Amino acid sequence: MIYGIVLTALVLLAFSKRMYRKERVIQYPKKWFGFLYPMGLWLYDTLSKSARKTKREQERKAQAVYIKEKASDKLEFDAVKRFVLIWICLVFGTFVSIIITIQTQEIENNQLKRPAFGESETYRVAVDGMERTEYIDITVDGKQPSEEAMNNIFDEQFEKLKVSILGKNKSLEEVRTNLEFPSSTMYGIRVRWESNKPDKINHEGEIQTEEIDEAGEEVEFLVTMTYSTYQSTYQLKVILFPNIKNQDFYLNELMTNIKKRNQEEIDQEYLQLPETIDGIPLNYEMESNQRKLELFALTIAAAILIFFAGYSSLERRYKKRNYQLMIDYPSLVSKLNLLIGAGMTPRMAWERIAADYQNREQEFRYVYEEMIITKNSMKSGCPEGRAYGEFGRRCGLPSYLKLGNLLEQNLKQGVSGLNQKLEEEMVCALEERKHMALRLGEEAGTRLLLPMFLMLGIVIIVLIVPAFMSFYL
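Residues numbered from 1 in each chain as written. Predicted model: local features only at pLDDT ≥ 70, side-chain atom pairs only at ≥ 80, totals over all residues. Heavy atoms only, no water.

### Here's the deal with the overall build of the protein
Phase 1 of the analysis: Across its full length, the protein holds 14 helices and seven strands.
Phase 2 of the analysis: Taken over C-alpha atoms, the radius of gyration comes to 39 Å for the protein, far larger than the 23 Å a tight globule of 473 residues would show.
Phase 3 of the analysis: Projecting the C-alpha coordinates of the protein onto the three principal axes gives extents of approximately 115 × 70 × 55 Å.
Phase 4 of the analysis: Counting only residues that meet the buried cut, the protein has 34% of its 473 residues in that class.
Phase 5 of the analysis: About 31,100 Å² of surface is accessible on the protein, with carbon and sulfur atoms providing 56% of the total. (Helix = DSSP H or I, 4+ residues; strand = E, 2+ residues; numbered from the N terminus. Rg over C-alpha atoms; globule rule 2.2 N^0.38 Å. Buried < 20%, exposed > 50% of the residue type's maximum accessible area, 1.4 Å probe, protein only. Areas by Shrake-Rupley, 256 points an atom, 1.4 Å probe, with all protein chains shown as cover.)

### Description of the sheet that holds strand β3 (residues 190–195)
Phase 1 of the analysis: The antiparallel open sheet is built from three strands, whose spatial order is β3-β4-β5. Because the sheet does not close on itself, it has two edges, and the strands there are β3 and β5 (230–240). In this sheet, neighbouring strand axes are inclined to one another by 25 degrees on average, regardless of whether the strands run parallel or antiparallel.
Phase 2 of the analysis: Two elements, strand β4 (residues 217–227) and β5, share 11 bridges in a ladder whose sense is antiparallel. (Pairing = 2+ DSSP bridges. Axes fitted to C-alpha atoms, helices over the stretch in contact; angles between N-to-C directions.)

### Brief notes about the pairing of β3
Phase 1 of the analysis: The side-chain alternation of β3 yields one buried face, formed by V191, W193 and S195, and one unburied face, formed by R190, R192 and E194.
Phase 2 of the analysis: Two strands pair when backbone bridges link them, and β3 and β4 are joined in this way by six bridges, in the antiparallel orientation. The partner of S195 across the bridge, within β4, is F221.

### A few points about helix α11 (residues 384–395)
Phase 1 of the analysis: With 12 residues, α11 extends 17 Å between its outermost C-alpha atoms, agreeing within 8% with the 16 Å of an ideal straight helix rising 1.5 Å per residue.
Phase 2 of the analysis: When α11 is considered as a whole, its buried residues turn out to be E384, G385, A387, Y388, G389, F391, G392 and C395.
Phase 3 of the analysis: Just beyond α11, the residue with positive phi is G396, at close to 85 degrees. (Expected span 1.5 Å × (residues − 1).)

### Re helix α4 (residues 52–65)
Phase 1 of the analysis: Taking 1.5 Å per residue, 14 residues should reach 20 Å; α4 reaches 20 Å between its end C-alpha atoms and fits that length.
Phase 2 of the analysis: Taken together, the buried positions of α4 are Q58, K61, A62, A64 and V65. Along the axis of α4, the buried residues cluster in a sector spanning 160 degrees; they form a single face. The outward face of α4, more than 90 degrees from its buried face, is lined by the exposed residues R52, K53, R56 and Q63. (Arc of directions from axis to C-beta.)

### Examining the confidence of the model for the protein
Phase 1 of the analysis: Averaged over every residue, the pLDDT of the protein is 81; the share at 70 or more is 90%.
Phase 2 of the analysis: The low-confidence segment residues 104–109 (pLDDT under 50) makes eight contacts with residues lying over four places distant or belonging to another chain. (pLDDT = per-residue confidence, 0-100. Contact = heavy atoms within 4.5 Å.)

### Considerations on the nonpolar core
If you look at soluble globular proteins, the nonpolar side chains tend to sit buried side by side.
Phase 1 of the analysis: Ranked by size, the top nonpolar core spans 63 residues in total, and within it Y37, L332, L336, W350, F391, Y400 and L403 carry the most contacts.
Phase 2 of the analysis: Ranked by residue count, the leading element in this core is helix α5 (residues 71–102), at 11 residues.
Phase 3 of the analysis: Core analysis: the second largest hydrophobic core is formed by 28 residues, L172, V191, I207 and L236 among them. (Core = buried A, V, L, I, M, F, W, Y, C linked by side-chain atoms within 4.5 Å.)

### As for the pattern of salt bridges
Phase 1 of the analysis: Across all of its chains, the model carries 17 salt bridges by this definition.
Phase 2 of the analysis: Ionic pairing is found between E220 and K237, a salt bridge with its closest N-O pair at 3.8 Å. Remark: K237 occurs in strand β5 and E220 occurs in strand β4; sequence separation between them is 17 residues.
Phase 3 of the analysis: Classification of E220 by relative accessible area gives partly exposed; the value is 27%. (Salt bridge = Lys/Arg side-chain N within 4 Å of Asp/Glu carboxyl O.)

### Focus on the packing of helix α9 (residues 346–359) against α11
Phase 1 of the analysis: Their axes nearest at 11 Å, the elements α9 and α11 cross at an angle of 50 degrees. Considering the angle they form, α9 stands oblique to α11. Considering the relative orientation of α9 and α11, their crossing is left-handed. Residues P346, R347 and W350 of α9 pack against E384, Y388 and F391 of α11.
Phase 2 of the analysis: For the contact of α9 with α11, the residue count by class is four nonpolar, no polar and two charged. (Parallel < 35°, antiparallel > 145°, perpendicular 65-115°, else oblique. Left-handed = near helix turned anticlockwise from the far one by under 90°. Nonpolar A, V, L, I, M, F, W, Y, C, P; charged D, E, K, R; others polar.)

### Side note on the pairing of β4
Phase 1 of the analysis: Burial runs high along β4: eight of the 11 residues are buried.
Phase 2 of the analysis: Here β4 folds back onto β5 in antiparallel fashion, the turn holding two residues, of which S228 has a positive phi close to 55 degrees.

Right, dumping it as structure tokens:
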């Protein structure tokens, strides 16, 4: 039921928002899921209104990463795609959950293979030839063994019962809680239990009283095992001791009480559960069917991962951009110092470096893209000093803020003082680059520790396992 409601809600959401901001949606790149763009855009606009601070922070980082594109549009389209993928993920998971819930198992063979001894298999068979097709369940039992083989099986199963009936008890010589008496065992063998002291522990292994001698009381059970026409009888002795009142004790008391009420109130429409156990108040809740909810829970988890993956991707690109800026800083300062020292003004040197980058086909570098933006800004009429300051603020790193301030102050102090300051800044930048290289080397070494330990473990296994195996040869 819940899956149908969720699927209907998702479809109605996409249908109801199909015309939302159509004039904006048609500007997006064409994709096979483009019909879902209006819904994704509506979700983005709705969430942006309730998280304006987060949106501003994302736009700031996007402006630093997407230099050649309009950052707000890129951020919006990425978010819209992410919401569309979340919708597709939820629809797919919900639809599959519905299929799993309603699917049935069918077998259409005319011959049914008999299983191994002691096993049974139920086939769902479609029967044709009557007025209409009927589906029936056919249970097929395994082949019956000989008498001698059956006696050996009885003995084997009795020994296993001595262990399996213990439940939470340590041994049959120290029984403090209910025993778990099965009515059948492996191979479909039926088991009947008879106690010689049913007032102490009944035929179902349930302790009936708390009045048990501290030294222990011996109880004998007559165990009858039956399979088809074969039968075997065994004697089983256990020693009862008073139970310790812990969690297991209260749970056993509760289950015994519930079973008793179930028999006494068999004619009632409802089974009344105990409100207290040994004076302790109890509350009950119906447990959900986790098996049906597993896939749906995974779908929700996948949707959440998709939602946060976009932000994580932007954060990684932002860090990569800052790292590239730090790497390129010494080279930029060196070029500026060389050109200004050769007689160029800071603006001429700036335009020369930006032009060289534009004329050469090389890797995308954020610092030179920012320089191109600054050059175009100055050509558009922006004051030179202000343009340098905005360059430093867009880059966002302390070294670039300092460089922007140096160039801005140079307009007031003259070129002579700038060369010396650029020389000092270049030395500091190279020193900082060395430190950064050392840090990166240490981080790389740390990441290699795990593979090294794994290889060491493999070598140890290769050496030790043959040595241990030789002891058993």
